[in-house]
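# Residue-level structure breakdown
Residue-level listing of the chains:
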Amino acid sequence: MWTTKVGRSKNIHRNIQKRQAKNLIKVKATKNEALIYFSDAMKEIIANNHNNGVRVPKREFFGIGKDDEKIVNKEYRKLLDKKIRAWENAK
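Okay, so let's go over this structure.

Conventions we followed
Residues numbered from 1 in each chain as written. Predicted model: local features only at pLDDT ≥ 70, side-chain atom pairs only at ≥ 80, totals over all residues. Heavy atoms only, no water. Helix = DSSP H or I, 4+ residues; strand = E, 2+ residues; numbered from the N terminus. Buried < 20%, exposed > 50% of the residue type's maximum accessible area, 1.4 Å probe, protein only. Contact = heavy atoms within 4.5 Å. Areas by Shrake-Rupley, 256 points an atom, 1.4 Å probe, with all protein chains shown as cover. Patch = residues over 30% accessible without salt bridge, like charges linked within 9 Å, V, L, I, M, F, W, Y side chains within 5 Å. Salt bridge = Lys/Arg side-chain N within 4 Å of Asp/Glu carboxyl O. Expected span 1.5 Å × (residues − 1). Arc of directions from axis to C-beta. Polar contact = N/O pair within 3.5 Å; in protein donor to acceptor, adjacent residues only side chain to side chain.

## Digging into the overall build of the chain
When helices and strands are tallied, the chain shows four helices and two strands. Reading the secondary structure of the chain in the N-to-C direction produces α-α-β-β-α-α. Across the 91 residues in the chain, those meeting the buried criterion constitute 7%. The long-range fraction of contacts in the chain, counting pairs at least 24 apart against all pairs at least 6 apart in sequence, stands at 5%. Counting every atom, the chain has about 8500 Å² of accessible surface; 55% of that belongs to carbon and sulfur.

Here it is as structure tokens:
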């Protein structure tokens, strides 16, 4: 096979799809937040299905799952509570 002879991946089609999907990722940022999204609605649905394991193998996007999300939220909440307490004590 040509791809093997030139040292390319046998999954060249899959690699092309990955690059295309990554090129569709867009970011809108403001001073306080960032929104990461797909500019193509169908690719967004496909990514969501993979992230949640709907009719396809589960592959969490960016490698962040619900457990990681809970940890981040817990740590963020602690930081936020600390800042609120400091602000209230400064009044």
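## Structural notes on a nonpolar patch on the surface
Together, Tyr 76, Leu 79, Leu 80 and Ile 84 make up an exposed nonpolar region whose accessible area comes to about 360 Å². In this structure, Leu 80 sits in helix 4 (residues 66-89). When its relative accessible area of 31% is taken as the criterion, Leu 80 is described as partly exposed.

## Structural notes on the pattern of salt bridges
Summed over all chains, the structure comprises two salt bridges. The shortest N-O distance in the salt bridge between Lys 78 and Glu 75 comes to 3.4 Å. Of the two residues, Lys 78 and Glu 75 are both situated in helix 4; the distance of three residues between them amounts to about one turn of the helix. Residue Arg 77 is joined to Asp 81 by a salt bridge in which the shortest nitrogen-to-oxygen separation is 3.4 Å.

## Some thoughts on helix 3 (residues 41-52)
Between its first and last C-alpha, helix 3 extends 17 Å over twelve residues, near the 16 Å set by a 1.5 Å rise per residue. Within helix 3, burial applies to Ala 47, Asn 49 and His 50. In an axial view of helix 3, the angular spread of the buried residues amounts to 160 degrees, which keeps them on one side of the axis. With a side-chain oxygen positioned 2.9 Å from the backbone nitrogen of Met 42, the residue opening helix 3 is Asp 40.

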